[in-house]
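Okay, here's what each chain looks like letter by letter:
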Amino acid sequence: QVRLVESGGGLVQAGGSLRLSCAAPGSIFRINAMGWYRQAPGKQRELVAVITSGHSTNYGDSVKGRFTISRDNAKNTVYLQMNSLLPEDTAVYYCNVVVRRRWFETESVYWGQGTQVTVSS
């Protein structure tokens, strides 16, 4: 089991910034993709951003140019820098990682517990 530790959510005014972090502590053989998803009330969970082990990135259309995903492989941590926040960015943000815990295991997907981001107008 990989227990992800998320931090950085909160309340911010429109136009402001927040930075989310998600760490995967412990000894892990390999972490492949790391990403962020979000879910607003009454809506489906959607992709925000994803980054591969080679640092290739992909963003949801609604956040392109405003959010930046990055990772620190030495710390098994992924970050989401969110700038120019809009009220429609309000949601619970979930960290997602694809890992091989041990060399002899297949890939598994893990989710964080979620962190609330609220953007006031």
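Refer to the structure printed above.
A few points on the structure.

Cut-offs used in this document
Residues numbered from 1 in each chain as written. Predicted model: local features only at pLDDT ≥ 70, side-chain atom pairs only at ≥ 80, totals over all residues. Heavy atoms only, no water. Helix = DSSP H or I, 4+ residues; strand = E, 2+ residues; numbered from the N terminus. Rg over C-alpha atoms; globule rule 2.2 N^0.38 Å. Buried < 20%, exposed > 50% of the residue type's maximum accessible area, 1.4 Å probe, protein only. Contact = heavy atoms within 4.5 Å. Lys, Arg positive; Asp, Glu negative; His and termini not counted. Charge placed at Lys NZ, Arg CZ, Asp CG, Glu CD. Polar contact = N/O pair within 3.5 Å; in protein donor to acceptor, adjacent residues only side chain to side chain. Disulfide = S-S within 2.5 Å.

Quick word on the overall build of the protein chain
The helix and strand tally for the protein chain stands at 0 helices and 11 strands. The linear arrangement of helices and strands in the protein chain, starting from the amino end, is β-β-β-β-β-β-β-β-β-β-β. A compact globule built from 121 residues would reach a C-alpha radius of gyration of about 14 Å, and the protein chain, at 14 Å, matches this within 12%. Taken over the C-alpha atoms alone, the protein chain extends approximately 50 × 25 × 20 Å along its principal axes. Here the protein chain, with 121 residues, has 41% of them falling under the buried criterion. Summarising the internal contacts of the protein chain: among those between residues at least 6 apart in sequence, 54% fall at separations of at least 24. Taken as two groups, the 13 positive and 8 negative side-chain charges of the protein chain have centres that lie 6 Å from each other.

Points about the side chain of aspartate 89
Considering the arrangement of structural elements, one finds aspartate 89 in the loop between β8 (77-82) and β9 (91-100). A polar atom in the side chain of aspartate 89 sits 2.9 Å from the side chain of arginine 38. If we ignore the near neighbours within four places in the chain, the residues touching aspartate 89 are Arg38, Arg66, Phe67, Ser84, Val117 and Val119.

Describing the state of the cysteines
Overall, the coordinates contain 1 disulfide when judged by the stated rule. Here cysteine 22 is linked by a disulfide to cysteine 95, with a sulfur-sulfur distance of 2.1 Å. The disulfide joining cysteine 22 to cysteine 95 has a torsion of about -80° about its S-S bond and is therefore left-handed. Of this pair, cysteine 22 sits in strand β3 (residues 18-23) while cysteine 95 sits in strand β9, placing them 73 residues apart in sequence. Neither residue differs from the other here; cysteine 22 and cysteine 95 are each classed as buried.

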